Amino acid sequence: MRIKNRLYAGNAGLQISINTTDENIRNQRFSGNACSLEEVSKIMEGIIPNGRKITLNFALTDDPIDPKCC
């Protein structure tokens, strides 16, 4: 957010790729390097967008997306 909002004065977008709400699949896909959805939530807590938007991305796959999971 510092790079997006301070260095680029809000003129940069930010995309957060989630891909699936299944933590096990996320860990497999990203070799254990994916943040948990709880960690993503904590990172984004209190963030106020400035300038260009922040996008939450879900790739089009057969992996489950459960809007009630979290």
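Residues numbered from 1 in each chain as written. Predicted model: local features only at pLDDT ≥ 70, side-chain atom pairs only at ≥ 80, totals over all residues. Heavy atoms only, no water.

Draft legend 1. Structural context of the overall build of the protein. Helix and strand counts for the protein come out as 3 helices and 2 strands. For the protein, the sequential pattern of α-helices and β-strands runs α-β-α-α-β. Expressed as a percentage of its 70 residues, the buried residues of the protein come to 21%. In the form shown here, the protein has an accessible surface area of approximately 5500 Å², with 51% of it arising from carbon and sulfur atoms. Charged side chains of the protein number 9 positive and 8 negative; the gap between the two group centres comes to 13 Å. (Helix = DSSP H or I, 4+ residues; strand = E, 2+ residues; numbered from the N terminus. Buried < 20%, exposed > 50% of the residue type's maximum accessible area, 1.4 Å probe, protein only. Areas by Shrake-Rupley, 256 points an atom, 1.4 Å probe, with all protein chains shown as cover. Lys, Arg positive; Asp, Glu negative; His and termini not counted. Charge placed at Lys NZ, Arg CZ, Asp CG, Glu CD.)

Draft legend 2. Quick peek at the layout of surface pockets. Of the pockets and cavities examined, the largest pocket occupies roughly 190 Å³. As for the largest pocket, its lining consists of 15 residues, of which Ile18, Leu37, Val40, Leu56 and Phe58 are closest to the centre. Counting residues per element, the ones that place at least two in the lining of the largest pocket are α3 (37–44) and β2 (54–57). Ranked by residues supplied to the lining of the largest pocket, first place goes to α3 with 4 residues. Class assignment for the residues of the lining of the largest pocket results in 11 nonpolar, 3 polar and 1 charged. (1 Å grid on protein atoms, 1.4 Å probe; cavity = no way out; pocket = protein on both sides within 12 Å on 5 of 7 lines; lining within 4 Å. Points joined across faces, edges and corners; volume = space filled by probe spheres on them. Nonpolar A, V, L, I, M, F, W, Y, C, P; charged D, E, K, R; others polar.)

Read these as spatial facts, not as claims about activity.
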